[in-house]
Amino acid sequence: MKTLLLDISYDYDFDLYGLVSSSKEYKLAWTINQLLGLRLVKQKDLCYELVGKEQLLISNYEQITDHSIIRLMRNKASGICTLDKPYLLPDIKQFDYVLQITGAMQCLSPRELLQQLARLPLVQYVKQVDPLKLKFKENLIF
């Protein structure tokens with residue numbers, strides 16, 4: 001019998017930022033909205049079906065425009081989770097939130113965005129992350 005392999009290459013053409021913040025997600029989203037003039041709105045939790053009937057629920061906020069998609073996602077699973085690694089991106093589990101920006105965002109360069117986010121009192125630390133270096137980067141493809 002002949003075996004065929006499906007080879008899919010995904011496009012990781014987005015900017016990714018890890019944020020350390022102990023604040024509630026709705027408060028962080030509101031603060032980012034105020035700072036950057038965005039409208040991040042709470043969406044239905046992302047649900048990842050894993051082997052063994054486990055589910056990973058990830059809270060997320062999103063803004064979609066004609067030219068960009070901006071997502072603020074909690075890195076740790078919401079609710080009760082019995083997984084050993086209950087993270088959206090276990091590679092960068094030190095970050096509480098992940099900000100994903102696809103497309104152009106209001107003429108802000110990544111450097112300017114980092115500076116703006118670092119000034120927020122709710123954010124203790126922010127860093128740009130290269131998605132190509134992440135082992136679990138497929139979790140960011142929707």
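Residues numbered from 1 in each chain as written. Predicted model: local features only at pLDDT ≥ 70, side-chain atom pairs only at ≥ 80, totals over all residues. Heavy atoms only, no water.

To continue, consider the packing of helix 1 (residues 25-36) against helix 2 (residues 110-118). In the contact formed by helix 1 and helix 2, the axes pass within 11 Å of each other and the chain directions differ by 125°. In terms of axis orientation, helix 1 runs oblique to helix 2. The handedness of the crossing between helix 1 and helix 2 comes out as right-handed. Packed against helix 1, whose contacting residues are Ile32, Leu35 and Leu36, the element helix 2 presents Leu113, Gln116 and Leu117 at the interface. Of the residues contributing to the contact of helix 1 with helix 2, the split by class is 5 nonpolar, 1 polar and no charged. (Axes fitted to C-alpha atoms, helices over the stretch in contact; angles between N-to-C directions. Helix = DSSP H or I, 4+ residues; strand = E, 2+ residues; numbered from the N terminus. Parallel < 35°, antiparallel > 145°, perpendicular 65-115°, else oblique. Left-handed = near helix turned anticlockwise from the far one by under 90°. Contact = heavy atoms within 4.5 Å. Nonpolar A, V, L, I, M, F, W, Y, C, P; charged D, E, K, R; others polar.)

Summed over all chains, the structure comprises 1 aromatic pair. When the centroid spacing of 6.2 Å and the interplanar angle of 10° are considered together, the rings of Phe95 and Tyr125 count as stacked. Taken together, the residues Phe95 in the loop between strand 6 (68-74) and strand 7 (97-103) and Tyr125 in strand 8 (residues 125-129) connect sequence positions 30 residues apart. (Phe/Tyr/Trp six-rings, centres within 6.5 Å; stacked < 30°, edge-to-face > 60°.)

Another aspect to go through is the pattern of salt bridges. Side-chain pairing between opposite charges can occur once the charged atoms of the two side chains come close. Summed over all chains, the structure comprises 3 salt bridges. Note that Asp45 and Lys42 form a salt bridge whose closest N and O atoms lie 2.9 Å from each other. Relative accessible area serves as the criterion here: at 29%, Asp45 is assigned to the partly exposed category. Taking relative accessible area as the criterion, Lys42 reaches 37% and is therefore assigned partly exposed. The partner of Arg71 in a salt bridge is Glu62, and the shortest N-O contact between them spans 2.9 Å. A relative accessible area of 13% places Arg71 in the buried class. Bridged by salt links that share partners, the residues Glu25, Lys42 and Asp45 form one connected network. (Salt bridge = Lys/Arg side-chain N within 4 Å of Asp/Glu carboxyl O. Buried < 20%, exposed > 50% of the residue type's maximum accessible area, 1.4 Å probe, protein only.)

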